Amino acid sequence: MTDALTVSAVQYQALEGGIVPNVQEHVRLIEDVESQGARLGVFPGLSLTGYNLEQLADDGYWLQQNDPRLGDLDEMCRRTGITAVAGAAYREPDGTPRLARLVIRPDGTTGLGFTTPPPGQDQPGFAPGDPPPALAPRGWKFPPARP
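Once a new chain begins, its residue numbering starts again from 1 and follows that chain's sequence as written. With pLDDT at 70 or above as the cut-off, local features in this predicted model cover only qualifying residues; side-chain atom pairs require 80 or more to be listed or tallied, and sums for whole chains, interfaces and linings still use all residues. The basis for every side-chain value is the complete set of non-hydrogen atoms in the structure, without hydrogens or water.

Attention shifts here to the pattern of salt bridges. Salt bridges are identified by distance alone: a Lys or Arg side-chain nitrogen within 4 Å of an Asp or Glu carboxyl oxygen. Taken as a whole, this structure holds 6 salt bridges when the rule is applied. When the shortest N-O distance is used, the salt bridge between R28 and D32 registers 3.5 Å. Of this pair, R28 and D32 both sit in helix 1 (residues 19–35), 4 residues apart, which is roughly one turn of that helix. Note that E92 is salt-bridged to R98, the shortest N-O span being 3.0 Å. Helix numbers and strand numbers start at the N terminus; a helix is a DSSP run of H or I with at least 4 residues, a strand a run of E with at least 2.

Right, dumping it as structure tokens:
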């Protein structure tokens with residue numbers, strides 16, 4: 001039998017300035033998640049890039065495959081043993097724009113899946129893709145919610 005899983009739904013307003021300041025704020029908030037005894041921290045949809053879609057005209061606001069800007073977040077998840085779910089605007093190697101959900105695991109791996117905007121919340125320019133990977137913190141396995 002697996003132990004109980006404590007989940008922290010992180011209320012978060014993405015910071016202006018792009019991915020780097022948001023990664024640093026995620027790192028700080030994961031410390032809070034850990035102090036509350038949670039093993040899974042779930043952040044809002046575009047928590048790593050923010051909701052100002054006009055910023056996406058700048059390529060620096062998009063995450064990309066193996067993005068080194070996530071290094072501190074990866075390290076915090078490894079150090080604390082917490083799985084974090086975060087969201088970002090993501091550009092595939094072929095240039096396809098996606099609305100991504102990242103599952104950053106304590107073992108150093110990051111799962112990546114894609115969502116579509118909820119009905120009535122038009123976010124133009126994001127192509128649909130494969131759903132986010134199943135979560136498995138502390139032996140629990142379930143898929144992240146889809147809109």
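Let's shift gears to the packing of aromatic side chains. A pair of Phe, Tyr and Trp rings is counted when the ring centres sit within 6.5 Å of each other, with Trp represented by its six-membered ring. The angle between the planes then sorts it: under 30 degrees is stacked, over 60 is edge-to-face, the rest tilted. A complete count under the given rule lists 3 aromatic pairs for this structure. Aromatic side chains Y12 and F43 sit 6.1 Å apart centroid to centroid with 85° between the ring planes, which places their arrangement in the edge-to-face category. One end of the pair, Y12, is in the loop between strand 1 (7–9) and helix 1; the other, F43, is in the loop between strand 2 (40–42) and helix 2 (71–80), with 31 residues separating them in the sequence. F43 carries the same exposure label as Y12, and that label is buried. Seen in terms of ring centroids, W62 and F126 are 5.9 Å apart; in terms of plane orientation they differ by 55°. Their pairing is tilted. Separated by 64 residues along the polypeptide, W62 in the loop between strand 2 and helix 2 and F126 in the segment after strand 5 (110–115) bring together distant segments of the chain. By relative accessible area, F126 is classed as buried at 12%. Above the face of the W62 ring, R91 is positioned so that its terminal group lies 4.0 Å from the ring centre. A ring is scored as having a charge over it whenever the NZ atom of a lysine or the CZ atom of an arginine sits within 6 Å of its centre and within 35 degrees of its normal. Cation over ring: R98 sits above F114, and NZ or CZ is 5.1 Å from the ring centre. Exposed residues in this analysis have more than 50% of their type's maximum accessible area, buried residues have under 20%, and partly exposed residues fall in between, with area computed by a 1.4 Å probe over protein chains only.

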